[in-house]
Amino acid sequence: MALVTSSTLQDAYDVVIVGSGAGGGQAAYTLTMEGVKVLVIEAGRSFDPASEAAMFQLPSQAPLRAVPTPDKQYGFHDCSIESGWDIPGEPYTQNSKEPDKQFRWWRQRMMGGRTNHWGRISLRNGPYDFKPRSRWGAGFDWPISYDDVAPYYDKVELLVGVFGSNEGLENSPDSSPGVLLPPPALRVGELYAQKHGVRAGARVTSIHRAVLSRAQDAERTPARLHPGNSKAQRLLAENMRRRAACFWATDCHRGCSIGANYDSQTVHLRPALATGNLDILPNAMAREVTVNREGRATGVTFIDKLTGSEGHANGRVVVLAASSQESVRLLLNSKSNLFSHGLANSSGKVGKYVTDSVSSSLGGLIPAFEGMPVHNEDGAGGPHAYVPWTMHAENRNGGLGFPGGYHLEFMSGRQMPSMTTFLGVDGFAGGGGVLFGSRLKEEVRRFYGCSLGFGAQGTMLPNDGSFCELDPEVKDRWGIPVLRFHWQWTDFELNQVRHQQAHIRHLLEELGGRVKPFAEADVFKSMKPGGSVIHEVGGAIMGASAAESVTNQWSQTWDVKNLFLADGAPFASTADKNPTLTIMALAWRMADRVVEELRKGNL
Amino acid sequence: MERRTAIQWMLSVAATLALPDPRAADAAALSPPATGAGYGADPSMVRIYKPGDVWPLTFNARERRVAAALCDAIIPADELSPAASFVGVPEFLDEWVSAPYAAQQSDRRPLLEGLAWIDAEAKHRFQSEFAELDALRQAEICGDLARPDKARADLKSAASFFKRYRDLTLGAYYTTPEGMKAAGYVGNVPLVAFSGPPEEALRHVGLA
């Protein structure tokens, strides 16, 4: 089994998965290692990180010095193709013309999906994050607790390789002993903030990221992950040996041709293919989940993008992992006599409760860094440290005006210059002029690496005003109805952003930083628009009852028992943690359930 | 060209030409908008590109001369690093004004007109092309444009051109190998281990 086309599909599969990213990749890995025959349908083309990722190329070797354009919306060397907020022929619409009531939707049409270009930040949700209603009286409690997911966090971290340290933090859980890879040494800016940030109540610790700070333990980890399954152990060991440790250069967003960071193909799909149990169908845009008269899913109808013709893949089980909102769209577009409002939507909750990380940032100049001796700060292609949320006592019952919290990510150091790196030089130098000549060169040298900033990413609980539905008019290039988004920030998010801005300002000032003197009066100017953090989740949330949610605790839809979700769609809220690790943990847990139910003959 | 595009273009021309600067008159003979397609949503990322590889360039010989001279007035050579024209910044600016994307298209006219203005100003003040002036005289013209807050009313549009041109030159220079070296970027090389900041860097900030 291997890469297939719509004409070489097998007649039937045990499981058809839509999407090849974090959720689809993890589901495919877990299922195929247990002998389940799987088809993965991917809307984009095949992509080879080993030969196609541009790791060392300089901006001067790309068109327009690699600045973002409509063709490459995160810049030329970002590891994303056929991707973006706006994709020709694949629109989505907004219910409102007001900017703060709009939602931006990043799509990534390539093998491995968004796992190709993310920051690899891999933080666990904590116990509070699964029970927001119990703790803050808002949102919904998930039908699972941290303890249900903890073993799967361990498994995913062992499989993909995550560096970090155990700090014993409240609600930012430790991993089990021996799971994490050693954290890299911190950079100057990170160490400086660690020392002086304490006065602002900021505790700087090593971050957790899916980067191999040393080679994985191919001798012992496979047995720990696949006890009693010698074939799985062998294939995983082989795959681990093919991955190199980080060589401490190049931005992880460019992709990793040596396999030192996690992407779905390198870590999930490659060993899954090696089992012989996986077919992957690229260039296929899923249109609809088909059902039989009994209301069971029978497979997926897709458009073959190479020929324009329609095809169908048969499966005993269907798993949607197309990205949360794309999976929602598939459900809503899967209408039939039995499911006139879309599939698995008897609750009317499909599309409801979309959330994203609440985010803003602020930076300044740290004069203490001026004239720093030149040294290499590339490191692991992204942050080594972060500021976890620790203000639990102050916010025990939402006393700060918002539920949950936020963590801070560093923007620091002498990273590779881009077209925008030195645009602040006039302001740093002062005097009000536009620098040029030899003075410009001197000031660039003096201030390079002296800016330090923090980006906050925080909790968002679901609200009734943030959801999507099918647009009654607009269709995409294949004639598939598109999503229309509604977005509504509540006082919770606005209060949180105000707190973020004040807290970061305080922190920068404790570092001796020069920050612009006045806080932004309009909170919407500080906060990132909905969807723009690309952490959107929800839309098919899990819950304790069929009336209030779309899936049960196994991400299995209440209405169609052989239909599962493996992306962010079942998330009942956004934590102050990045969602990818939790997507993988829940996908593994879901896949274990599918294996068990298939063996029992329940599917 | 679609009618709507043509109208927008005409409006932007009218707005630009309305600025009170008779010496920019020969800018009316400027090139039409850039044509050609972008690199598409699936270009080879690993390929090494140079200006002109993806879409045709714009500058004529005179524009190239003034573009290079102005780049070098902004980033001259010194004992540590070369001038902007030595590392391909003028070619980058040509690529930029020639690109088919909206952001670059909106820079095209102001930049081309600005280059024409600089030359006209040099002739007006010193009876010579900008590229033929000595560094002091070039700096005199640049200096008048480098204070947007204090610029004379008749120099406002030229000052805003200068800021934009400076920003592009600055970015383009420091994203080359020579520019990175000049700034003090020494990464982008594989290492066996990452051992953190050196002792002298820690001492510099009081951490050792």
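Anything mentioned here points back to the structure above.
Given the structure is predicted, the values throughout are model-derived calculations rather than measurements. (Residues numbered from 1 in each chain as written. Chains lettered and ligands numbered in written order. Predicted model: local features only at pLDDT ≥ 70, side-chain atom pairs only at ≥ 80, totals over all residues. Heavy atoms only, no water.)

**Q** What is the right way to read the overall build of chain B from this model?
**A** Each helix and strand counted, chain B has 8 helices and 0 strands in total. The contacts of chain B with a sequence gap of at least 6 include a subset with a gap of at least 24, amounting to 62%. In the structure as shown, chain B presents an accessible area of about 9800 Å², 58% of it carried by carbon and sulfur atoms. (Helix = DSSP H or I, 4+ residues; strand = E, 2+ residues; numbered from the N terminus. Contact = heavy atoms within 4.5 Å. Areas by Shrake-Rupley, 256 points an atom, 1.4 Å probe, with all protein chains shown as cover.)

**Q** Before we go on, may I ask you to explain the overall build of chain A in this structure?
**A** A tally of helices and strands in chain A yields 14 helices and 17 strands. The C-alpha radius of gyration of chain A comes to 24 Å, within 12% of the 25 Å expected for a compact globule of 603 residues. Expressed as lengths along the three principal axes of its C-alpha atoms, the size of chain A is roughly 75 × 50 × 45 Å. Evaluated residue by residue, chain A yields a buried proportion of 65% over its 603 residues. Counted over contacts in chain A with a minimum sequence separation of 6, partners at least 24 positions apart contribute 73%. By element, 50% of the accessible surface of chain A is carried by carbon and sulfur atoms, the whole surface being about 20000 Å². Counting 61 positive and 62 negative side-chain charges, chain A places the centres of these two groups 2 Å from one another. (Rg over C-alpha atoms; globule rule 2.2 N^0.38 Å. Buried < 20%, exposed > 50% of the residue type's maximum accessible area, 1.4 Å probe, protein only. Lys, Arg positive; Asp, Glu negative; His and termini not counted. Charge placed at Lys NZ, Arg CZ, Asp CG, Glu CD.)

**Q** Would you mind showing me how to read the sheet that holds strand S15 (residues 467-475) of chain A here?
**A** Hydrogen bonding along the main chain pairs the strands of a sheet, whether they run parallel or antiparallel. All names here are of chain A. Strand order in the open sheet made by the 3 strands is S4-S16-S15, with mixed pairing throughout. Each having just a single partner strand, strand S4 (93-94) and S15 make up the two edges of the open sheet. With respect to the sheet, helix H9 (residues 324-333) is in contact with S15 and strand S16 (481-486), its orientation differing from that of S16 by roughly 120°. (Pairing = 2+ DSSP bridges. Axes fitted to C-alpha atoms, helices over the stretch in contact; angles between N-to-C directions.)

**Q** Is there a simple way to explain the packing of helix H1 (residues 22-33) of chain A against helix H8 (residues 264-274) of chain A in this structure?
**A** Each pair of packed helices can be described by the angle between their axes along with the distance between the axes. All names here are of chain A. Interhelical geometry of H1 versus H8 gives an angle of 30° and a closest axis separation of 8 Å. Looking at the two axes, H1 sits roughly parallel to H8. Crossing of H1 over H8 shows left-handed handedness. Residue-level inspection shows Ala 22, Gly 25, Gln 26, Ala 28, Tyr 29, Thr 32 and Met 33 of H1 in contact with H8, the latter providing Ser 264, Val 267, His 268, Leu 269, Pro 271 and Ala 272. When its residues are assigned to classes, the contact of H1 with H8 shows 8 nonpolar, 5 polar and no charged. (Parallel < 35°, antiparallel > 145°, perpendicular 65-115°, else oblique. Left-handed = near helix turned anticlockwise from the far one by under 90°. Nonpolar A, V, L, I, M, F, W, Y, C, P; charged D, E, K, R; others polar.)

**Q** Please clarify how the nonpolar core should be interpreted in this entry.
**A** When a protein is soluble and globular, its nonpolar side chains tend to lie buried together. Judged by nonpolar contacts, the single largest core of 98 residues is most densely connected at Phe454(A), Leu70(B), Ile118(B), Phe130(B), Phe162(B), Tyr165(B) and Tyr174(B). Ranked by residues supplied to this core, first place goes to helix H6 (residues 156-174) of chain B with 10 residues. Membership of the second largest hydrophobic core comes to 50 residues, among which are Leu320(A), Leu343(A), Val358(A) and Ala540(A). (Core = buried A, V, L, I, M, F, W, Y, C linked by side-chain atoms within 4.5 Å.)

**Q** What is the right way to look at helix H2 (residues 61-74) of chain B in this model?
**A** Structural remark: α-helix, 3.6 residues per turn; residues separated by three or four positions point the same way. Taking 1.5 Å as the rise per residue, H2(B) with 14 residues should run 20 Å; its terminal C-alpha atoms sit 20 Å apart, in good agreement. Here H2(B) has its buried residues at Glu63(B), Val66(B), Ala67(B), Ala69(B), Leu70(B), Cys71(B), Ala73(B) and Ile74(B). (Expected span 1.5 Å × (residues − 1).)

**Q** What's the story with the pattern of salt bridges in this structure? I'm lost.
**A** Pairing between side chains becomes possible if they bear opposite charge and their charged atoms approach one another. Residue and element names in this part refer to chain A. Scanning the entire structure with this criterion turns up 46 salt bridges over all chains. As a salt-bridge pair, Glu 157 and Arg 124 come within 2.7 Å of each other at their nearest N and O atoms. A residue pair is termed long-range when its members are at least 10 positions apart, and Glu 157 in helix H4 (residues 146-160) and Arg 124 in the loop between strand S5 (107-108) and helix H3 (132-136) qualify at 33 residues. You'll find Glu 157 and Arg 124 in the same group, each marked buried. Between Arg 199 and Glu 510 there is a salt bridge; the shortest N-O distance is 2.8 Å. In this pair, Arg 199 is assigned in the loop between helix H5 (188-196) and strand S6 (205-206) and Glu 510 in helix H12 (residues 491-510), connecting sequence segments 311 residues apart. For Glu 510, a relative accessible area of 23% gives the class partly exposed. (Salt bridge = Lys/Arg side-chain N within 4 Å of Asp/Glu carboxyl O.)

**Q** I keep staring at the packing of aromatic side chains and nothing clicks. Help me out?
**A** Given two aromatic rings, their pairing is described by the distance between the two centres and the angle made by the two planes. A full pass over the atoms with the stated rule returns 33 aromatic pairs over all chains. When the ring of Phe76(A) is compared with that of Tyr39(B), the centres are 4.8 Å apart and the planes differ by 90°; the resulting orientation is edge-to-face. Of this pair, Phe76(A) sits in the loop between helix H2 (49-52) and strand S3 (83-84) while Tyr39(B) sits in the loop between helix H1 (3-17) and H2, which puts the two residues in different chains. According to the relative accessible area criterion, Phe76(A) is buried, its value standing at 0%. (Phe/Tyr/Trp six-rings, centres within 6.5 Å; stacked < 30°, edge-to-face > 60°.)

**Q** What am I meant to see in the interface of chain A and chain B here?
**A** When the parts of a complex come together, some accessible area is lost, and that lost area is often used as the size of the interface. Listed per partner, the contact involves 76 residues of chain A and 78 residues of chain B. Buried area between chain A and chain B, both sides added, is near 6100 Å², and the carbon and sulfur share of it is 66%. The largest contributions to the chain A side of the interface with chain B come from Leu64(A), Phe436(A) and Lys441(A), which together make up 13% of the buried area. Taken together, chain A and chain B are joined by 3 salt bridges. (Buried area = accessible area lost by both parts, 1.4 Å probe.)

**Q** How should I be thinking about the packing of helix H11 (residues 438-447) of chain A against H6(B) in this particular structure?
**A** Between H11(A) and H6(B), the shortest axis-to-axis distance is 13 Å and the interhelical angle comes to 55°. As the angle between them shows, H11(A) and H6(B) are arranged oblique. Relative to H6(B), the crossing made by H11(A) is right-handed. Between H11(A), through Leu440(A), Lys441(A) and Val444(A), and H6(B), the contact on the second element is made entirely by Arg166(B), Leu170(B), Tyr173(B) and Tyr174(B). A class-by-class count of the residues in the contact of H11(A) with H6(B) yields 5 nonpolar, no polar and 2 charged.

**Q** I tried to follow the environment of Lys195(A) on my own but got confused; where do I start?
**A** Tracing the sequence through the fold places Lys195(A) in helix H5. Given a relative accessible area of 47%, Lys195(A) falls into the partly exposed group. Sequence separation between Lys195(A) and Leu511(A) is 316 residues; the distance between their C-alpha atoms is 8.9 Å. Apart from the residues within four sequence positions on either side, Lys195(A) is in contact with Gly206(B) and Leu207(B). At a separation of 3.4 Å, a polar atom in the side chain of Lys195(A) contacts the main-chain carbonyl oxygen of Gly206(B). (Polar contact = N/O pair within 3.5 Å; in protein donor to acceptor, adjacent residues only side chain to side chain.)

**Q** Any chance you could explain unusual backbone geometry here in plain terms?
**A** What is expected of a backbone is that most residues other than glycine have negative phi and most peptide bonds are trans. Positive phi, close to 45°, is recorded for Glu82(A), a residue that is not glycine. With respect to the helices and strands, Glu82(A) occurs in the loop between H2 and S3. For Glu82(A), a relative accessible area of 34% translates into the label partly exposed. Located in the positive-phi region is Gln127(B), a residue other than glycine, with phi close to 55°. Examined against the element boundaries, Gln127(B) turns out to sit in the loop between helix H4 (102-126) and helix H5 (135-145).

**Q** Whenever I open this one, H12(A) confuses me. Can you help?
**A** All names here are of chain A. Its 20 residues give H12 an end-to-end C-alpha distance of 28 Å, which sits within 8% of 28 Å, the value for a rise of 1.5 Å per residue. Listed in full, the buried residues belonging to H12 are Glu 493, Leu 494, Gln 496, Val 497, Gln 500, Gln 501, His 503, Ile 504, Arg 505, Leu 507 and Leu 508. Those residues of H12 that are buried are in contact with strand S11 (358-365), strand S13 (406-411), strand S14 (451-458) and helix H13 (523-526). Residue Gly 512 follows H12 closely and has a positive phi angle near 75°.

**Q** Please clarify how the sheet that holds S11(A) should be interpreted in this entry.
**A** Residues and elements named next belong to chain A. Strand order in the open sheet formed by 5 strands is S6-S12-S13-S14-S11, with antiparallel pairing between adjacent strands. Two strands in the sheet have a free side with no partner beyond their single neighbour: S6 and S11. By the bridge criterion, 6 bridges tie S13 to S14 in an arrangement that is antiparallel. Its bridge partner being in S14, Leu 408 is matched across the sheet by Ala 456.

**Q** Any chance you could explain the side chain of Arg505(A) here in plain terms?
**A** If you trace the backbone, Arg505(A) turns up in helix H12. Within the buried set, Arg505(A) has no salt-bridge partner at all; the shortest N-O distance to an opposite charge, 4.3 Å, is to Glu509(A).

**Q** Honestly, the pairing of strand S1 (residues 13-18) of chain A in this entry has me stumped. Any pointers?
**A** All names here are of chain A. Of all 6 residues that make up S1, 6 are buried, and the element is covered over most of its length. Both S1 and strand S2 (residues 38-41) contribute to a ladder of 4 bridges, which runs parallel. Directly across from Val 15, in S2, lies its bridge partner Val 38.

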